[in-house]
Amino acid sequence: MDLLPESLTAKLRRGARDPFAVQTLRATVAATLSYGVATQLSSEPAPLTAPLTALLVVQVTVYSTLKTSVRRVVSVVVGVLIAIGFSAVVGLSWWSLGLVILASLVVGRYVRVEEFVQEVAISAMLILGVTKLASQAWERVLETLIGAAVGLLFNLLFAPPVWVDTAGESIEDLARRARQLLLDISEQLGRPTPVARAVERLHEARRLDQAIADVDAALRQAEDSLRFNPRISEGLLSRLVLRTGLDTLEICVVVIRVLARSVTDLAKRRGPQEQLFPPEVAVGLEELLAHVGGAMVSFAVLVTTQVSRNAEEAEERLTAELAAALATRENVAQVLLRKVQEHPEAWQLHGSMLAEIDRILDELDLEHRTRRLMEELDRASLVSRERFSGLARLRPALRGGRRRGERERPAVGAGR
């Protein structure tokens, strides 16, 4: 029996999947552990650089933690080396401080530490002000290494969550919003529609287009969580499935925005009491847009489903929705052709609506989806082969150098 109210249980589950809550807890624990380790290994009375480094490098994913750790360590070491070089020649003054900051920022850009460019200058300034003591400089490097190592080991031993489910929910929510927008547009087609109402739907389509950026951010986090994660064995395939799925939905959303614009232009042509389409055409288009919206949701469920059985069910629903949409589309095309011949004044807008719907159906087609996914897999495997072939080309050179060294050593002995 569940002793917690249902709403409270749902909030706790959402909190457990909230990146901010997870990041806060993980960073706090890692920073505390790094301080404990640094007090044992460093001679400083308060080695706060170690927890500061752990706080900066512990990210939501293993991949981002590794990347941040390397950049953080490189930035501190480069800053320390710059400060040691300047302290050997000049002391601390306003002009030497300016030169150190300038050199640190330039070198930080050159070594590509990205967001830690300022950390190069900060480290150099702190070391330059400790009366030229090189031991202080290397203590800072040691504390940085401790913090980075603790943060990285913490993420390796206690692997962070995989954010695929969160990204999948964002993708499915995007598809459901697109479906609802199509249903709202379809309700306008068989009745007199004021221009203001059509413009409102157009603004909603533009907001939906802008929401793709939020979904893309969630997907990037999910992609990072799959890299170097010991829990995941098929990380590449999962990343490509989600990424290509979002790309498809993004194209569909752009087409929906164009569709909303066509309806707005048609509303401007019609009078305030005139229907956008004849009744028989409007009924067919309403049914067609309902099937298109259902196909988008089924497609989103298909690309975000991890269990094979559920994926098969989603594929069956998508196939059924696409078949129904294609059949309805043919009927609408025949009826619309007759009506356009009777009233040809807006035939461009009528034809463009069908063309836009065809683009969405083509993007959602399973064969198109499979072909696109295979192309991305081939491209990824090609990049991987090129990377490993570069390493393979280095092996003969290394072996050749080792063999030449082995041949030269007996010759030296023979000359003795």
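Cut-offs used in this document
Residues numbered from 1 in each chain as written. Predicted model: local features only at pLDDT ≥ 70, side-chain atom pairs only at ≥ 80, totals over all residues. Heavy atoms only, no water. Helix = DSSP H or I, 4+ residues; strand = E, 2+ residues; numbered from the N terminus. Buried < 20%, exposed > 50% of the residue type's maximum accessible area, 1.4 Å probe, protein only. Contact = heavy atoms within 4.5 Å. Areas by Shrake-Rupley, 256 points an atom, 1.4 Å probe, with all protein chains shown as cover. Expected span 1.5 Å × (residues − 1). Arc of directions from axis to C-beta. Patch = residues over 30% accessible without salt bridge, like charges linked within 9 Å, V, L, I, M, F, W, Y side chains within 5 Å. Salt bridge = Lys/Arg side-chain N within 4 Å of Asp/Glu carboxyl O. Axes fitted to C-alpha atoms, helices over the stretch in contact; angles between N-to-C directions. Parallel < 35°, antiparallel > 145°, perpendicular 65-115°, else oblique. Polar contact = N/O pair within 3.5 Å; in protein donor to acceptor, adjacent residues only side chain to side chain. Core = buried A, V, L, I, M, F, W, Y, C linked by side-chain atoms within 4.5 Å. Lys, Arg positive; Asp, Glu negative; His and termini not counted. Charge placed at Lys NZ, Arg CZ, Asp CG, Glu CD. pLDDT = per-residue confidence, 0-100.

K.L.:
Can you explain the overall build of the protein? Please cite residues and give values.
P.N.:
Secondary structure assignment for the protein yields 14 helices and zero strands. Helices and strands appear in the protein in the N-to-C order α-α-α-α-α-α-α-α-α-α-α-α-α-α. Across the 416 residues in the protein, those meeting the buried criterion constitute 43%. A separation threshold of at least 6 residues defines the contact pool for the protein, and within that pool the share at least 24 residues apart is 79%. Carbon together with sulfur atoms contributes 59% to the accessible area of the protein, which is approximately 22800 Å² in total.

K.L.:
Go over helix α5 (residues 94-110) with me, naming the residues and quoting the values.
P.N.:
Compared with an ideal rise of 1.5 Å per residue, which puts 17 residues at 24 Å, α5 spans 24 Å between its outermost C-alpha atoms and is within 8% of the ideal. Among the residues of α5, S96, V100, S104 and G108 are the ones counted as buried. One side of α5 carries all its buried residues, which in axial view fall inside an arc of 95°. Away from its buried face, by an angle of more than 90 degrees, α5 presents the exposed residues W94, L102, V106, R109 and Y110.

K.L.:
Describe the environment of L349, with residues and values.
P.N.:
Within the element layout of this structure, L349 appears in helix α13 (residues 347-364). Remark: the alpha-carbon pair of L349 and S262, spanning 87 residues in sequence, is separated by 6.1 Å. Beyond its immediate sequence surroundings of up to four residues, L349 is in contact with S262, D265, L266 and R269.

K.L.:
Run through a nonpolar patch on the surface, naming residues and quoting values.
P.N.:
On the surface, a nonpolar cluster with roughly 440 Å² of combined accessible area is contributed by L66, V70, V74, Y110 and V111. Ranked by residue count, the leading element in the nonpolar patch is helix α4 (residues 62-87), at three residues. Along the polypeptide, L66 turns up in helix α4.

K.L.:
An account of the packing of helix α8 (residues 164-188) against helix α11 (residues 279-304) is needed here, citing residue identities and associated values.
P.N.:
Packing of α8 against α11 brings their axes to within 9 Å, and their N-to-C directions diverge by 180°. As the angle between them shows, α8 and α11 are arranged roughly antiparallel. When α8 is examined against α11, the residues G168, I171, E172, A175, R176, A178, R179, L182, L183, I185 and S186 are found in contact with a partner set consisting of E286, L289, A290, V292, G293, G294, M296, V297, A300, V301 and T304.

K.L.:
Pulling in residues and values, what's your account of the side chain of T304?
P.N.:
Along the chain, T304 turns up in helix α11. T304 sits in the buried class, given a relative accessible area of 11%. A distance of 2.7 Å separates the side chain of T304 from the side chain of E172, its partner in a polar contact.

K.L.:
Tell me what's going on with the nonpolar core, and back it up with residues and numbers.
P.N.:
Within the largest apolar cluster, 65 residues are counted, with the highest numbers of intra-cluster contacts made by L174, L189, L249, F277, L285, M296 and L364. Elements with a minimum of two residues in this core: α8, α9 (195-226), α10 (235-269), α11, α12 (308-342) and α13. Discounting chain neighbours no more than four positions away, the residues touching L364 are T248, C252, V292, A295, M296, F299, L318 and L322. The next biggest cluster of nonpolar side chains, apart from the first, holds six residues, and it includes V78, I82, F116 and V117.

K.L.:
Describe the environment of T319, with residues and values.
P.N.:
In this fold, T319 is placed in helix α12. Here E315 takes part through its backbone oxygen, which lies 2.8 Å from a polar atom of the side chain of T319.

K.L.:
Would you mind going over the pattern of salt bridges in detail, with residue names and values included?
P.N.:
Per the stated rule, a full pass over the model turns up nine salt bridges. Residues D216 and R243 are paired through a salt bridge, measuring 2.6 Å at the closest nitrogen-oxygen approach. One end of the pair, D216, is in helix α9; the other, R243, is in helix α10, with 27 residues separating them in the sequence. Here R329 makes a salt bridge to D358, at a shortest N to O gap of 2.8 Å.

K.L.:
Can you tell me about a negative patch on the surface, naming the residues and giving the values?
P.N.:
A contiguous patch of negative charge on the surface is contributed by E312, E313, E315 and E316. Inspection of the secondary structure puts E312 in helix α12.

K.L.:
How would you sum up α11? Please name residues and give values.
P.N.:
Counted at 1.5 Å a residue, the expected span for α11 with its 26 residues is 38 Å, and the 38 Å between its end C-alpha atoms agrees. By the criterion of burial, α11 is predominantly enclosed, with 20 of the 26 residues buried.

K.L.:
Tell me about the confidence of the model for the protein, and name the residues and values.
P.N.:
Residues with a pLDDT of 70 or more make up 74% of the protein, whose mean pLDDT is 75. Mean pLDDT across the elements of the protein ranges from a minimum in helix α1 (residues 6-16), with 42, to a maximum in α11, with 89. For the stretch residues 1-16, pLDDT sits under 50, and the model shows five contacts to residues farther than four places along the chain or on other chains.

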